[in-house]
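Spelled out, the chains give:
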Amino acid sequence: MPDDSPSASDRLPVLVSGIQPSGTLHLGNYFGALRQNIALANDERQRDRAFLFIADYHALTTVRDAEALRRYTTEVALDYLALGFDPDKAHLFVQSDVPQLGELTWAFLCVTPTSLLEKGVAYKDKVAQGLTANGGLLTYPILQAADILAYTAPGRDLLVPVGADQKQNLEISRDTAARFNQTFRPDDPLFPLPEPLILDEVAVIPGVDGRKMSKSYGNAIGIFDEGKALKKKVMSIVSDSTPLEDPKDPEQDHTFALIRHFATDEQRGEIAEAYRAGGYGYGHAKKALLSMITEHFGPARERRRQLAERPGEVREVLAAGAQAARARAGEVMAEVRDAVGFLNP
Ligand code: ADP
Ligand code: TRP
C-alpha cells in the first residue's frame, strides 16, 4: 500500500457509513444518521477520509423492483447533497460501483462460521416470522464488514457512525476483522477493529403511530414531504384524549418528541410550559411542528429541487466518489489477495 501513514500529530480516523436505498428517507433517518454523517464528513480535518455510500447491494436483499431501486438510489444522493454534504471534502458513492466488495465479502465468508450468520438479528427475525430468508439476508453482516473494512488505511482507526440498531452488525464487523487477521496475518494484523460511533442523545424518532419511525411501517414523515401530504401526516400523529384545556405531559407525547429535535432550547422550553399549563391542545403542537419542519428543510428543499434538474451533476459526484472508493478498496484488496494466497497480477 502507498505510505499514507499518519504522523503522530494526525491520527484522525477514516469514517465509513452506509444507508440503504430501500425507500424514501424520513425524519428518523435524518436525525438518526444523515445529519451527523454530513457534519462529520464536512469537517475540514477529515478531508478525503470520509466514505459515505448508498448501500444498494444491501437494499437488494429486500427490494424487488429495479426501477424503484434506481429511483431510491438517486433520491438518497439528492438528499445528501441537498442537506449539505460537500463533495469537495468527502466521498459519496454507490456501493455497487465498488466491485472489490464482492471479492472481500467472499474472503470474509470463508472464515465465518455459519452458526454466527444464523444469529444475525435481521435473519433471525425473518425466520421467526416464518418467512424464507434469502442468502443475501443471511450474509448481510459480512457484506457490511467488507464495505467498512475495504476503506482501511494504514495506521488509522475506522470509525463508523450508525444508529443504535446497528450495534450487532458492527460487532460482527469487528469479529470478522479479528478472525481474518488471526487466520491470515496473526503477526501483522491487516485490519483495524472498526469502532461504532453511536450518538446517545439521538433517541429513537417516533413515527405518526408512535412506533419507531421506519420505511417499512408506513408511519414515516419524509424529510422532503411538503404541502398537503406533509400536513396530513403531521395532523395524523397519534395523541391521547386529554381535553384541550387540561394540563399535558410533553414527555409522553409523540408530537413533542418530534418538536424537541427541531426547536431551539428556548422554543422547546416555551412549548413544554404551554403543555403543562393547559389550554394548549395537541392540534396547536402539531401546527407548531408543521411550521418547524417546513422552515427547517426550506433551503434544502430548494437546493434539492434545483439539483434534481441537473442529474449530470449528481452523477459526476457519485462517479468521483466511486473512483476514490475503488482506489482505496483496490489497495486493500491487493493485500488481502496476497494474505490469502491468490496470485496478485
Ligand atoms: P428504516 O427502519 O426506515 O428501514 P434503516 O434501518 O434503513 O431505516 O436506517 C438507516 C439509518 O437511520 C440507521 O442508522 C438507523 O439507525 C437510522 N434510523 C432509522 N430509523 C430511525 C428512527 N426512527 N430513529 C432514529 N434513527 C433511525
Ligand atoms: N446496515 C445499515 C442499515 O441498515 C446500512 C449499512 C450497510 C451500513 N453498510 C454499512 C452502515 C456500513 C454503516 C456502515 O442502516
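Residues numbered from 1 in each chain as written. Chains lettered and ligands numbered in written order. Predicted model: local features only at pLDDT ≥ 70, side-chain atom pairs only at ≥ 80, totals over all residues. Heavy atoms only, no water.

(A) Inspection of the overall build of the chain at higher detail. Counting its regular elements, the chain contains 14 helices and 5 strands. Against the globule reference of 20 Å for 345 residues, the chain gives a C-alpha radius of gyration of 22 Å, in line with a compact fold. Along the three orthogonal principal directions, the C-alpha set of the chain runs to about 75 × 45 × 45 Å. Summarising the internal contacts of the chain: among those between residues at least 6 apart in sequence, 78% fall at separations of at least 24. Within the structure as shown, the chain displays about 16,800 Å² of accessible surface, and the carbon and sulfur contribution to it stands at 52%. Mean positive and mean negative side-chain charge positions of the chain (39 and 48 charges, respectively) differ by 4 Å. (Helix = DSSP H or I, 4+ residues; strand = E, 2+ residues; numbered from the N terminus. Rg over C-alpha atoms; globule rule 2.2 N^0.38 Å. Contact = heavy atoms within 4.5 Å. Areas by Shrake-Rupley, 256 points an atom, 1.4 Å probe, with all protein chains shown as cover. Lys, Arg positive; Asp, Glu negative; His and termini not counted. Charge placed at Lys NZ, Arg CZ, Asp CG, Glu CD.)

(B) View of the nonpolar core. Core analysis: the biggest nonpolar cluster contains 55 residues, and Tyr 80, Leu 83, Phe 85 and Ile 221 have the highest contact counts within it. Here the element with the most residues in this core is helix H12 (residues 282-296); it accounts for 7 residues. Not counting residues up to four positions away in its chain, the partners in contact with Leu 83 are Tyr 30, Leu 34, Ile 38, Ile 223, Phe 224, Phe 297, Ala 300 and Arg 303. Membership of the second largest hydrophobic core comes to 38 residues, among which are Ile 142, Tyr 151, Phe 180 and Val 332. (Core = buried A, V, L, I, M, F, W, Y, C linked by side-chain atoms within 4.5 Å. Buried < 20%, exposed > 50% of the residue type's maximum accessible area, 1.4 Å probe, protein only.)

(C) Representation of helix H3 (residues 66-82) in the model. The terminal C-alpha atoms of H3, which comprises 17 residues, lie 24 Å apart, in line with the 24 Å expected from a rise of 1.5 Å per residue. For H3, the complete set of buried residues consists of Ala 68, Leu 69, Tyr 72, Thr 73, Val 76, Ala 77, Leu 78, Asp 79, Tyr 80, Leu 81 and Ala 82. A side-chain oxygen of the first residue of H3 lies 3.0 Å from the backbone nitrogen of Glu 67; this N-cap is Asp 65. Following H3 by one or two positions, Gly 84 has its phi on the positive side, about 115 degrees. (Expected span 1.5 Å × (residues − 1). Polar contact = N/O pair within 3.5 Å; in protein donor to acceptor, adjacent residues only side chain to side chain.)

(D) View of the site of ligand 2. Around ligand 2, 13 residues are found, and the nearest of them are Gln 20, Tyr 140, Gln 144, Asp 147 and Gln 166. Here an oxygen atom of ligand 2 sits 3.1 Å away from a polar atom, N or O, in the side chain of Gln 20. At a separation of 3.0 Å, a nitrogen atom of ligand 2 approaches a polar side-chain atom of Gln 166. Put simply, the parts of the chain that give the shell around ligand 2 at least two residues each are strand S1 (14-19) and helix H7 (135-149). The element contributing the most residues to the shell around ligand 2 is H7, with 4 residues. Here the residues of the shell around ligand 2 are counted per class, giving 6 nonpolar, 6 polar and 1 charged. (Near = heavy atom within 4 Å. Nonpolar A, V, L, I, M, F, W, Y, C, P; charged D, E, K, R; others polar.)

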